[in-house]
Amino acid sequence: MFLNVLTHSPLALLCCQNGAVPVEPVKKDENSRRGNWGNQIEFVLTSVGYAVGLGNVWRFPYLCYRNGGGAFMFPYFIMLVFCGIPLFFLELSFGQFTSLGCLGVWKVSPMFKGVGYGMMVVSTYIGIYYNVVICIAFYYFFMSMTNLLPWTYCNNPWNTPDCTGVMGTPRTNATFANVSAVVSGLTEIVNRTKRTSPSEEYWRNYVLNVSDGIGNFGEVRLPILGCLAVSWIVVFLCLIRGVKSSGKVVYFTATFPYVVLTILFIRGITLEGAISGIKYYLTPQWEKILDAKVWGDAASQIFYSLGCAWGGLITMASYNKFHNNCFRDSIIISVTNCGTSVYAGFVIFSILGFMANHLGVDVSEVADHGPGLAFVAYPEALTLLPISPLWSLLFFFMLILLGLGTQFCLLETLVTAVVDEIGTDWIMKNKTYVTLGVAIVGFLLGVPLTTQAGIYWLLLMDNYAASFSLVVVSCIMCICIMYVYGHKNYFKDVEMMLGFPPPLFFRICWRYVSPFIITFILIFTVIQYKPITYNDYVYPRWSLVIGFAMALSSVICIPIYALFKIAMSEGSTFLERLKNSVKPDPDWGPALQEHRKGRYATAGPESVEVCPLKEELKDEGKEKLKEKEMEKKDEMGLTIPGSNGSTLNPTPSA
């Protein structure tokens, strides 16, 4: 009975030194000061939620049909294997090794800390406009709580004479002849002018009430502003305890979208005309394989879809336990992300095929991309389904969850960077206040996007703030790790962390293939550049200058901080200062002392006790080993059992 009490008491935990496993293990964080994920499933689900976002639903299907249908899959998966997964693994291992966010990890080479600041700037831009998209999804979700979707017919105050509803126009006392006259009149309008759907006019004239230009802000759309507040409140509450709370929320937010996708897929393929939509989606046009634009789109989609260079992957991995197998995680998450894109394509095009069949047009005439697919084409298709409000609720609820999964990580990236940079015990304990502050600032910066000119600014940020700057940041990150810090050093770090070296394929990709593909994406982006437009609206030059300024604001952090660090480094000449500025910081390496082995082991008795290497023990000689054993025996003999919680007398005491 005494033994049973002892093994279940707190004293049992104190008697386990040097990594010994207690009789009954107690769940606790490996990094008690910073915290860890509750379990590995939470990390994987959070990463899936981060990588699988709105772009999987509206951008991938559009790129697929624009670039040869099924033929696009070939370059897409090639880019996944040679660029997507290697970069994903690189960022996960980078953050996990040091248990630091996107700023702290640059202790590896302090001169490149500007890359971390660039990641923060990009995450800030994306976090601002991404939450506006989520808030619009919230608005549509609330508006779907009705018997009749408000964008079904053309008899609303916001509709124009050009509006042509696929459902006709409801009239309470209309005769069959009147209805026929209306239909024939609508047909004449369709033949004379380009059709404007009620969903498009609802989106443009009512939800956004778009102004005539980007410089005319007009008034704040109060319903959108209210939904933006709701969105930020939800994000804050889910992150109120950092990864401890968000890790629990993702069990729902990361998995339920797949339930909704499956429900919509089953409903979609049972509709008339759905097969034609799926055929259009999958039918390969092999002649487009030789088009460089197809490969460029595939590489860009993989790069942006996985969230590389945003800082989120580094941040999430920093909360892993040191020996977690992030290699396995990177493959699981990357494949899941791309598989979701393909699956979402089936869902979208089954509905678009049904819509094309209903209208008697080709699928290409109803397909759209970006917000147009999410808030115009798909909502219109939903009006054709029986019990349309139910399907609308499900669809927009799915969009909300997909957006929140990404937004959680964007906000956590900024919060973690601030907390790690300050690094005091007070800021660690009061991280909630930092989260609240970042959420409030994000909400205030998002207010201009809820005005009548908001859609212009949202698209400007989407096309410039998070475009080629991400490619530049990612490329410099690869150069720093592989060529400045040294690929051999990094391979040894990964081996120390995982227990095995990175596979040869990944070592080749990190050093040669991935940087080449990143450079290709950058060149492709520059060559294929076209000034942004919104429908028929052409952005003025001054707005494009602002767009380029936003893009450069993240990249410019890199040379500015590099020059600052060189100037502040020790040395009498520029070369000496440059050399000292790229040397790893003394604190670079694993965060916990028990993991600082080999060249990271610090001088002193603690490091020897924590990690005695066999080679080192042999070099010390048998005499020193005997002396240490004698000293330990003497100490154990003098120690009162359990008196200080450090050791227990091994001799039975009755």
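Conventions adopted
- Residues numbered from 1 in each chain as written.
- Predicted model: local features only at pLDDT ≥ 70, side-chain atom pairs only at ≥ 80, totals over all residues.
- Heavy atoms only, no water.
- Core = buried A, V, L, I, M, F, W, Y, C linked by side-chain atoms within 4.5 Å.
- Buried < 20%, exposed > 50% of the residue type's maximum accessible area, 1.4 Å probe, protein only.
- Helix = DSSP H or I, 4+ residues; strand = E, 2+ residues; numbered from the N terminus.
- Contact = heavy atoms within 4.5 Å.
- Disulfide = S-S within 2.5 Å.
- 1 Å grid on protein atoms, 1.4 Å probe; cavity = no way out; pocket = protein on both sides within 12 Å on 5 of 7 lines; lining within 4 Å.
- Points joined across faces, edges and corners; volume = space filled by probe spheres on them.
- UniProt positions renumbered as here; feature names shortened; annotations may be inferred.
- Salt bridge = Lys/Arg side-chain N within 4 Å of Asp/Glu carboxyl O.

**What about the nonpolar core?**
Residues Tyr140, Phe375 and Tyr539 are the most contacted members of the largest nonpolar core, which totals 191 residues. With 19 residues, helix 7 (residues 113-143) is the single largest residue contributor to this core. Those residues within four positions of Phe375 in sequence are excluded, and the remaining contacts are Trp58, Val133, Ile136, Ala137, Tyr140, Ser199, Trp203, Phe396 and Leu399.

**Some thoughts on the state of the cysteines**
Here the structure, examined in full by the defined rule, presents one disulfide. The disulfide that involves Cys154 links it to Cys163, with 1.9 Å between the sulfurs. The S-S bond linking Cys154 to Cys163 shows a torsion near -65°; that makes this disulfide left-handed. Classification of Cys154 by relative accessible area gives buried; the value is 17%. Relative accessible area serves as the criterion here: at 4%, Cys163 is assigned to the buried category. With no disulfide of its own, Cys308 lies 6.8 Å from the sulfur of Cys83, the closest cysteine sulfur.

**Digging into empty space enclosed by the protein**
Enumeration over the complete set of coordinates arrives at five cavities of 30 Å³ or more. Looking at the largest cavity, its volume works out to about 70 Å³. Val132, Ile136, Val207, Leu208, Arg221, Ile224, Leu449, Thr450, Thr451, Gly454, Ile455 and Leu458 together form the lining of the largest cavity. Of all the elements in the fold, those that place two or more residues in the lining of the largest cavity are helix 7 and helix 21 (454-465). It is helix 21 that provides the largest number of residues to the lining of the largest cavity, a total of three residues.

**A few points about unusual backbone geometry**
Even without a glycine there, the phi angle at Ser99 is positive, about 55°. Structurally, Ser99 can be placed in the loop between helix 6 (73-98) and helix 7. Backbone geometry places Ile387, a non-glycine residue, at a positive phi of 55°. Counting through the fold element by element, Ile387 comes out in the loop between helix 17 (371-382) and helix 18 (388-422).

**Quick look at the UniProt feature "binding site: Na(+) 2" (unreviewed entry) in the protein**
If you check UniProt for "binding site: Na(+) 2" (unreviewed entry), the listed places come out as Gly49 in our numbering. With respect to the secondary-structure elements, Gly49 resides in helix 3 (residues 40-51). Judged by relative accessible area, which is 9%, Gly49 ranks as buried. With residues near it in sequence (within four places) discarded, Gly49 still touches Ala254, Leu402, Gly405 and Thr406.

**Thoughts on the pattern of salt bridges**
Any two side chains of opposite charge can pair, given that their charged atoms come close. Going through the model one piece at a time under the given rule, you end up with nine salt bridges. Two residues, Arg34 and Asp420, come together in a salt bridge whose shortest N-O distance is 2.9 Å. With Arg34 in the loop between helix 2 (10-14) and helix 3 and Asp420 in helix 18, the pair connects residues that are 386 residues apart, well separated along the chain. There is no split in this pair, since Arg34 and Asp420 are both buried.

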